[in-house]
Amino acid sequence: MDAAMITAIAALVGALLAGGGALYGHRGANRATREGNAVNGFNSLTDQLQEERKELRADLAAVRIELAEERLETARLRLVVQQLGGTP
C-alpha cells in the first residue's frame, strides 16, 4: 500500500465518522426539540385548565347564589301560605 491509498482510505473513514457524528448530533437536537415542545404543550394545557377551573368556580358561585335566592323565596311563600291559614 502506498501513501496515496492510505490517505484515501483515511479520508473515507473520516468522512463516515463525521457523517455518523453529524447524524447522532442531529438526532439529539431533534430529541431536545421534541422534549421542549412537550413541556411547552404541557404548560399551555395547564394554563388552559386553570382558566377553565376559574370560570367553573365563578359559575358554581353564581348557581349557589341562585339556589339560596330560590330557597329564600320558597320560605317566604310558605310563610305567606301559613299566614293565610293554609298548610304548605
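Our structure's up above, just so we're on the same page.
The rules behind each value
Residues numbered from 1 in each chain as written. Predicted model: local features only at pLDDT ≥ 70, side-chain atom pairs only at ≥ 80, totals over all residues. Heavy atoms only, no water. Helix = DSSP H or I, 4+ residues; strand = E, 2+ residues; numbered from the N terminus. Buried < 20%, exposed > 50% of the residue type's maximum accessible area, 1.4 Å probe, protein only. Areas by Shrake-Rupley, 256 points an atom, 1.4 Å probe, with all protein chains shown as cover. Salt bridge = Lys/Arg side-chain N within 4 Å of Asp/Glu carboxyl O. Patch = residues over 30% accessible without salt bridge, like charges linked within 9 Å, V, L, I, M, F, W, Y side chains within 5 Å. Lys, Arg positive; Asp, Glu negative; His and termini not counted. Charge placed at Lys NZ, Arg CZ, Asp CG, Glu CD.

Visitor: Hey, could you run me through the overall build of the protein in this one?
Guide: Counting its regular elements, the protein contains one helix and zero strands. Within the protein, buried positions represent 0% of all 88 residues. Carbon and sulfur atoms form 62% of the exposed surface of the protein, whose accessible area is close to 7900 Å².

Visitor: Looking at this structure, I do not really get the pattern of salt bridges. What am I missing?
Guide: Side-chain pairing between opposite charges can occur once the charged atoms of the two side chains come close. Scanning the entire structure with this criterion turns up one salt bridge. Ionic pairing is found between Glu 73 and Arg 76, a salt bridge with its closest N-O pair at 2.8 Å. Residue Glu 73 and its partner Arg 76 are both found in helix 1 (residues 3-83); the two are separated by three residues, about one turn of the helix. Residue classification places Glu 73 among the partly exposed positions, given a relative accessible area of 35%.

Visitor: So what exactly am I meant to see when it comes to a negative patch on the surface here?
Guide: A cluster of acidic side chains, namely Asp 47, Glu 51, Glu 52, Glu 55 and Asp 59, defines a negative patch on the protein surface. The topology assignment puts Glu 52 in helix 1.

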